[in-house]
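Structural overview for review
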Amino acid sequence: MSALGKLLLRDLALLLPGGKRGGSLLPFLFFLAVAMLFPFAVGPDAPLLARTGGGVVWVAALLAAILPLDRLVAPDLELGIFDQLHLRGVSEEAAMAVRLLAHWLSFAPLLLLATLPAAALLGLEGETVRILLLGLLAGTPGLAALGLMIAAMTAGLRVGAALTGLLLIPMAVPILIFGAGALAQPEGAGLGLAGAISLLLVAATPFAAGAAIRAAREG
Amino acid sequence: MHAFANPKRFLSLARWLTPLLLVSGLLLAGAALLYGLLWAPAERLQGDSVRILFLHVPTAWLAMGGWSAIAISSLVELVWRHPLASLAARASAVPGAVFTAICLATGSLWGRPAWGTWWVWDGRLTSMLVLLFLYFGYIALAQAVDREGASSRIPAIFGLVGAINIPIIHYSVIWWNSLHQPPSITAGKSAMSPEFLIPLLVATFGFSLIFGGVVLARMRALLAEIQAEARLRRKALGDSASRGRGVTA
C-alpha cells in the first residue's frame, strides 16, 4: 500500500468519530441543537418553518463546520508529523490533499445523515430535502477545503474558534448563497455553481494549506 | 524592486514623503469636500443628499484598493520574500478597513433619504459588508501572528486567498440579490455631469494620497517597533556581556 493510502487511513482513524483525535459526534449534535433552537426563536408556525428551514440547516452546517477546525492540523504540527512526512518525501501539499479527503469523509456523510432529523424537526418536504441534501453534497467539499485552509493557517497560533470562525464565515458566503439559493430556485444554476466553487477550493487548498504549513515550520 | 529593501533607504524616502502625501491629500480632499458641500449644485431628483457622493464614492474605491494593496504586497512577499512587503500589507489593512466602514456608514446615511431605509440588501452594499469582515479577519490573523511570533507569510496567504475570493463573493451576492428581490434600485446615471465628476476625481485623488500617507506612516511605526526591539535585545546582551567581564576582572 502506498504511503498516501496509509496516511489517509491514519487520518481517518484520527478524525472519524471515536477516533484518537477527539474526532467526535459533537459537531453533529451541535448542528441538531441549532436546528432545534430555531423553532423556539421564531415560533412553531409550520409554513414559516418550512419556508426558512432550508436556510437554517445551511447556517447550522456552516457553524458546525467551524467546530473541528482547531484540532484538524494543530496537534500534528506540534508533534512534527509534517516534518517527518517531509523527510520521507511526502510533500506538505500531498499531506494536505490527503487530510482534506479525510476531513470531508469524516464530516460530510454524517452531516448529510444529521440533516434528515433536522429536516423533520423543521417540517421540510421531500423535494426541499432532496435539494438540501444535493446542495450540501455539492457545498461540503468547498466548506471542508476552506476549513482545512484556515486550520492550517492558524495551526501554529494559539487562537480560539472565534478567529477561525471570523476567517471562515466571509469566505464561505458564496457557497452558502449558491447552495441555499438552490432551495428557492430549484431549476436554477445554484447547485452547479456551488459545486464549481467547491471544485475551485478543493483544487486550491492543498497548495494554500501546504504553504501555510511550510511557513509555520520556517517561522 | 529590491532597491528599497534596505529599510534605511526606505525610511529616508518615507520621512519626507509621508507628510507630503498627508498634507497634500488633506488639502485636495478637503477642498473637494468643501466644494461639494457649498458650491456643487443640488441634484435634480435627490436634492442636497447627493453631496455625500464626494465622500462615499472615493472611500468605496479605496476600500477595494486597500485589499488590492494587501494582495499585491502579499504576492511580493510570498514570491520574492521582499522584507518590506509584509509591512506594507499589514499597514494597508487598517486604513482599508476604515475606508470600508466609512463607505458603509455614508452609504447607510445616503440610503435613508434616497431609498427610505438605513440598509437594503443591495448587491454592492452586501459585498462591501463581507469585505469589511474579510478585513477584520485579516487584521485579527495578522495580530495573532505578531503576538505568537509566527511567520508573516501566513497572513500573506490569507490575503491572496481573499483576493481570489472577493470577485466570487461579489458576483455571488449579485446573483443572490436578483434571486431574492427584483432590482429596485439601479444606478441610473451613466453619464455624470462635469461639475460632479471633476471634484469627485479630485476627492478620490486626495483620499488616495491620504491612504498612501497613512500606509507609509504605519510602515514607519512598524519598522520603529522592530528596531526598538532589536536595540533592547542588543542592550540586554551587551549588559550581560559587560557584567560577565566585570566578574572575571
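1. Overview of the overall build of chain A
- Each helix and strand in chain A was counted, giving ten helices and zero strands.
- When its helices and strands are written in sequence order, chain A yields α-α-α-α-α-α-α-α-α-α.
- In terms of C-alpha radius of gyration, chain A reaches 18 Å, essentially the compact-globule figure of 17 Å for 219 residues.
- Overall, chain A is about 60 × 35 × 30 Å in size when its C-alpha atoms are taken along their principal axes.
- Per-residue burial over chain A gives 52% buried out of 219 residues.
- Accessible surface computed for chain A: about 9,300 Å², of which carbon and sulfur atoms make up 70%.
- Taken together, the 12 basic and 12 acidic charged side chains of chain A have centroids lying 9 Å from each other.

2. Re the nonpolar core
- Among the nonpolar cores identified, the biggest contains 102 residues, and A:Phe31, A:Val73, B:Trp67 and B:Phe158 are the most heavily contacted of them.
- For this core, the leading source of residues is helix 7 (residues 126-153) of chain A, giving 14 residues.
- Ignoring sequence-local partners within four residues, the contact set of A:Val73 consists of A:Phe82, A:Met96, A:Arg99, A:Leu148, A:Ala151, A:Ala152, A:Ala155 and A:Ile213.
- Residues B:Leu11, B:Ala88, B:Leu209 and B:Leu223 belong to the second largest nonpolar core, which totals 22 residues.

3. A short note on the interface of chain A and chain B
- Every contact between the two is made by 31 residues of chain A and, on the other side, 29 residues of chain B.
- Approximately 2,500 Å² of surface area, both sides summed, lies buried where chain A meets chain B, with 80% of it carried by carbon and sulfur atoms.
- In this structure, the connection of chain A to chain B is made through one salt bridge.
- Across the salt bridge formed by A:Arg158 and B:Glu148, the nearest N and O atoms sit 3.2 Å from each other.
- At the boundary of chain A with chain B, the tally comes to two residue pairs in polar contact (both at pLDDT 80 or more).
- Every element with two or more residues in the side of chain A that touches chain B is listed here: helix 7, helix 8 (161-171), helix 9 (173-184) and helix 10 (190-218) of chain A.
- When grouped by side-chain class, the residues that make up the side of chain A that touches chain B number 23 nonpolar, six polar and two charged.

4. Section: unusual backbone geometry
- Look at B:Arg81: it is not a glycine, yet its phi comes out positive at around 55°.
- Here B:Arg81 lies in the loop between helix 2 (53-80) and helix 3 (85-115).

5. Some words on the packing of aromatic side chains
Residues and elements named next belong to chain B.
- Summed over all chains, the structure comprises six aromatic pairs over all chains.
- With 5.1 Å between their ring centres and 65° between their planes, Trp-67 and Tyr-135 make a pair best called edge-to-face. Of this pair, Trp-67 sits in helix 2 while Tyr-135 is found in helix 4 (residues 123-148), placing the two residues 68 residues apart along the sequence.
- Chaining the aromatic ring pairs together yields one cluster made of Trp-67, Tyr-135 and Tyr-138.

6. What to know about helix 10 of chain A
- Between the first and last C-alpha of helix 10 of chain A there are 41 Å, a value that for 29 residues agrees with the 42 Å anticipated at 1.5 Å per step.
- A bend of about 40° at A:Ala204 is the largest found in helix 10 of chain A, and the proline A:Pro206 appears one to four places after it.

7. Some remarks on the environment of A:Phe28
Residue and element names in this part refer to chain A.
- Tracing the sequence through the fold places Phe-28 in helix 2 (residues 26-42).
- Through-space distance from the C-alpha of Phe-28 to that of Leu-7 is 25 Å; in sequence the pair is 21 residues apart.
- What Phe-28 contacts, discounting residues up to four positions off in sequence, is Ser-106, Phe-107, Leu-110, Leu-111 and Ala-114.

8. Here's the deal with the environment of B:Leu129
Residues and elements named next belong to chain B.
- Positionally, Leu-129 belongs in helix 4.
- When its relative accessible area of 24% is taken as the criterion, Leu-129 is described as partly exposed.
- Sequence separation between Leu-129 and Leu-55 is 74 residues, and the spatial gap between their C-alpha atoms is 17 Å.
- With near-sequence residues (within four places) excluded, Leu-129 lies in contact with Leu-104, Trp-119 and Trp-121.

9. Description of the pattern of salt bridges
- Counted according to the given criterion, the structure contains twelve salt bridges over all chains.
- As a salt-bridge pair, A:Arg214 and A:Glu92 come within 3.3 Å of each other at their nearest N and O atoms. With A:Arg214 in helix 10 and A:Glu92 in helix 6 (residues 92-121), this pair connects stretches of sequence that are 122 residues apart.
- Of the residues examined, A:Glu92 reaches a relative accessible area of 1% and is grouped as buried.
- Close ionic contact of B:Arg90 with B:Asp146 constitutes a salt bridge, the shortest N to O distance being 2.8 Å. You can see B:Arg90 sitting in helix 3 and its partner B:Asp146 sitting in helix 4, a full 56 residues away along the chain.
- Owing to a relative accessible area of 18%, B:Arg90 belongs among the buried residues under this scheme.
- What makes B:Asp146 partly exposed here is its relative accessible area of 47%.
- A network of salt bridges, in which partner residues are shared, links A:Asp83, A:Glu92, A:Glu93, A:Arg214 and A:Arg217.

Definitions and cut-offs
- Residues numbered from 1 in each chain as written.
- Chains lettered and ligands numbered in written order.
- Predicted model: local features only at pLDDT ≥ 70, side-chain atom pairs only at ≥ 80, totals over all residues.
- Heavy atoms only, no water.
- Helix = DSSP H or I, 4+ residues; strand = E, 2+ residues; numbered from the N terminus.
- Rg over C-alpha atoms; globule rule 2.2 N^0.38 Å.
- Buried < 20%, exposed > 50% of the residue type's maximum accessible area, 1.4 Å probe, protein only.
- Areas by Shrake-Rupley, 256 points an atom, 1.4 Å probe, with all protein chains shown as cover.
- Lys, Arg positive; Asp, Glu negative; His and termini not counted.
- Charge placed at Lys NZ, Arg CZ, Asp CG, Glu CD.
- Core = buried A, V, L, I, M, F, W, Y, C linked by side-chain atoms within 4.5 Å.
- Contact = heavy atoms within 4.5 Å.
- Buried area = accessible area lost by both parts, 1.4 Å probe.
- Salt bridge = Lys/Arg side-chain N within 4 Å of Asp/Glu carboxyl O.
- Polar contact = N/O pair within 3.5 Å; in protein donor to acceptor, adjacent residues only side chain to side chain.
- Nonpolar A, V, L, I, M, F, W, Y, C, P; charged D, E, K, R; others polar.
- Phe/Tyr/Trp six-rings, centres within 6.5 Å; stacked < 30°, edge-to-face > 60°.
- Expected span 1.5 Å × (residues − 1).
- Bend = angle between axes of the 7 residues up to and from the residue.

Scope: geometric values only; no functional claims are made or implied.
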